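The residues making up each chain are set out below.
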Amino acid sequence: MIEVQDLHKHFGGFHAVDGSSLRIETGSITGLIGPNGAGKTTLFNVIAGVLKPTSGKVFMDGEDITGLPPHTLFSKGLLRTFQIAHEFHSMTLRENLMMVPGTQSGEKLWNTWFGRKRIADEERALLAKADEVLEFLTIDHIRDERAGNISGGQKKLLELGRTMMVDAKIVFLDEVGAGVNRTLLNTIADAILRLNKERGYTFCVIEHDMDFIGRLCDPVICMAEGKVLAEGTLDEIKANEQVIEAYLGTGLKNKEKTA
C-alpha cells in the first residue's frame, strides 16, 4: 500500500527524518514505535502531505504521491488522525461526521437555489451513514451531544469515525491511545480490528502503549533519531539490541524532544 524510499526531512540542521525506508502492506495493521524525538510524527506528516520532504519518495499503490497536498491524498483514500483530536467543538457528533465527505452538492451556491431536492437526498444519506458509524463505534447514545463536551477518548473514537465516512484505504493513527482510559482504549482497539478485518482498512499506528501495539500490530517498525532501526513482531523488536539501546541509552537523551 505504502512504500517510503530514503526519506529525509530537515529543519535547518536538525534531521527529523534521516534516510528512512519502509513498507506498509495492504491489509496490515503496522505499528510504529520509538522514543520521543525519533521522527515518527514527522514521518506521518510527510507521508500525509502536511510537510514536504527534503528528499526521498513516497508511493501509494505504486503511484508517486511525494509532496501531494492532504486534500488530494484524502481523495485517494489516505487519511490520518492527530495526537490531539481536531473536532468542530460546537457541532454535534452527527454533524461532525456529516461534514467529512467532500464535493457535497450543498457546497455550491447554485445548488442551494435549484438543487434543493438533491441536497436533501444527500443529507438524508449522510445522516444515515453517520448514525451507522456512531453505532459501530458504540457512541450512538451521545450522537446529539456537542463534540466539545465529550471526553478525550470519545473524541478519538469520533476521529476514527471520520475515516469511516469516506472510502478510506489507509489510515495513519497518531497516538490514538494518548490520555485515553483503559476501557475506551479497548473500545478503540476493537473498532480498529473490526475495520481491518470486516472492511479491509489498512492502518499504521504510532503508539507508546506496548500492550495496545501487541494486541493490534504485526509487523512493528521501530524508529530512533530519524532512522528505521528494526522491523518484526513485537517480541522480535523487544529483543533487538539496537532497539534496547534506543530506548534505554540514546533514547533517553531525546526524552524531552518531540518530532
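Bear in mind that the values here come from a model prediction, so they are computed numbers and not experimental data.

### Side note on the overall build of the protein chain
Phase 1: Within the protein chain, the regular secondary structure consists of eleven helices and ten strands.
Phase 2: For the protein chain, the proportion of its 259 residues judged to be buried stands at 49%.
Phase 3: In the protein chain, 69% of the contacts between residues at least 6 apart in sequence involve partners at least 24 apart.

### Some details on the sheet that holds strand 2 (residues 14–24)
Phase 1: The strand order across the open sheet formed by four strands is 2-1-4-5, and the pairing between neighbours is antiparallel. Strands at the two margins of the open sheet, each flanked by one partner only, are strand 2 and strand 5 (63–64).
Phase 2: Taken together, the eight bridges between strand 1 (residues 2–11) and strand 2 define a ladder with antiparallel strand orientation. Across the sheet, residue phenylalanine 11 finds its bridge partner in strand 2, namely phenylalanine 14.

### Quick notes on the packing of helix 6 (residues 152–164) against helix 7 (residues 182–199)
Phase 1: For the pair helix 6 and helix 7, the least separation of the axes is 9 Å and the interaxial angle reads 10 degrees. As far as their axial angle goes, helix 7 and helix 6 are roughly parallel. For the pair helix 6 and helix 7, the crossing hand works out as left-handed. Residues Gly153, Gln154, Lys156, Leu157, Leu160 and Met164 of helix 6 touch helix 7, and the partners they reach there are Leu184, Thr187, Ile188, Ala191, Ile192, Leu195 and Arg199.

### What about the packing of aromatic side chains?
Phase 1: All told, the structure shown has two aromatic pairs when counted by the stated rule.
Phase 2: When the centroid spacing of 5.8 Å and the interplanar angle of 35 degrees are considered together, the rings of tyrosine 201 and phenylalanine 203 count as tilted.
Phase 3: Tyrosine 201 gets classed as buried once you look at its relative accessible area, which sits at 5%.
Phase 4: One cation-aromatic arrangement involves lysine 9 over phenylalanine 11; the distance from NZ or CZ to the ring centre is 5.3 Å.

### A word on the pairing of strand 8 (residues 202–206)
Phase 1: Judged by how many residues are buried, strand 8 sits mostly within the fold: five of five residues are covered.
Phase 2: Burial along strand 8 is two-sided: the face carrying Thr202, Cys204 and Ile206 and the face carrying Phe203 and Val205 are both buried.
Phase 3: Strand direction decides the pairing type here: strand 7 (residues 170–174) and strand 8, joined by five bridges, are parallel. Among the inter-strand pairings, valine 171 is bridged to a residue of strand 8, identified as phenylalanine 203.
Phase 4: Once you follow strand 7 into helix 7 and on to strand 8, the crossover reads as right-handed.

### Overview of the environment of glycine 152
Phase 1: Along the chain, glycine 152 turns up in helix 6.
Phase 2: On a C-alpha basis, the gap between glycine 152 and glycine 177 in space is 9.6 Å, while along the polypeptide they are 25 residues apart.

### Overview of the nonpolar core
Phase 1: Counting 48 residues, the largest nonpolar core has Leu93, Leu137, Leu160, Leu173, Ile192, Phe203 and Phe212 as the members making the most contacts within it.
Phase 2: Looking at this core element by element, the count peaks at seven residues for helix 7.
Phase 3: Leaving out residues up to four positions away in the same chain, phenylalanine 212 has contacts with Val176, Leu185, Ile188, Ala189, Ile192, Val205 and Glu207.
Phase 4: Residues Ile2, Leu32, Leu43 and Cys204 belong to the second largest nonpolar core, which totals 25 residues.

### Focus on the sheet that holds strand 10 (residues 227–232)
Phase 1: An order of 6-7-8-3-9-10 is seen for the six strands of this open sheet, with the pairing classed as mixed. The sheet is open, and its two edges are formed by strand 6 (78–80) and strand 10, each paired on a single side. Pairs of neighbouring strands in the sheet enclose a mean axial angle of 20 degrees, with direction left out of account.
Phase 2: With four bridges joining them, strand 3 (residues 29–33) and strand 8 adopt parallel strand pairing. Within strand 8, the residue paired with glycine 31 across the bridge is valine 205.

What counts and what doesn't
- Residues numbered from 1 in each chain as written.
- Predicted model: local features only at pLDDT ≥ 70, side-chain atom pairs only at ≥ 80, totals over all residues.
- Heavy atoms only, no water.
- Helix = DSSP H or I, 4+ residues; strand = E, 2+ residues; numbered from the N terminus.
- Buried < 20%, exposed > 50% of the residue type's maximum accessible area, 1.4 Å probe, protein only.
- Contact = heavy atoms within 4.5 Å.
- Pairing = 2+ DSSP bridges.
- Axes fitted to C-alpha atoms, helices over the stretch in contact; angles between N-to-C directions.
- Parallel < 35°, antiparallel > 145°, perpendicular 65-115°, else oblique.
- Left-handed = near helix turned anticlockwise from the far one by under 90°.
- Phe/Tyr/Trp six-rings, centres within 6.5 Å; stacked < 30°, edge-to-face > 60°.
- Lys NZ or Arg CZ within 6 Å of the ring centre and 35° of its normal.
- Right-handed = clockwise from strand over helix to strand, strands pointing away.
- Core = buried A, V, L, I, M, F, W, Y, C linked by side-chain atoms within 4.5 Å.

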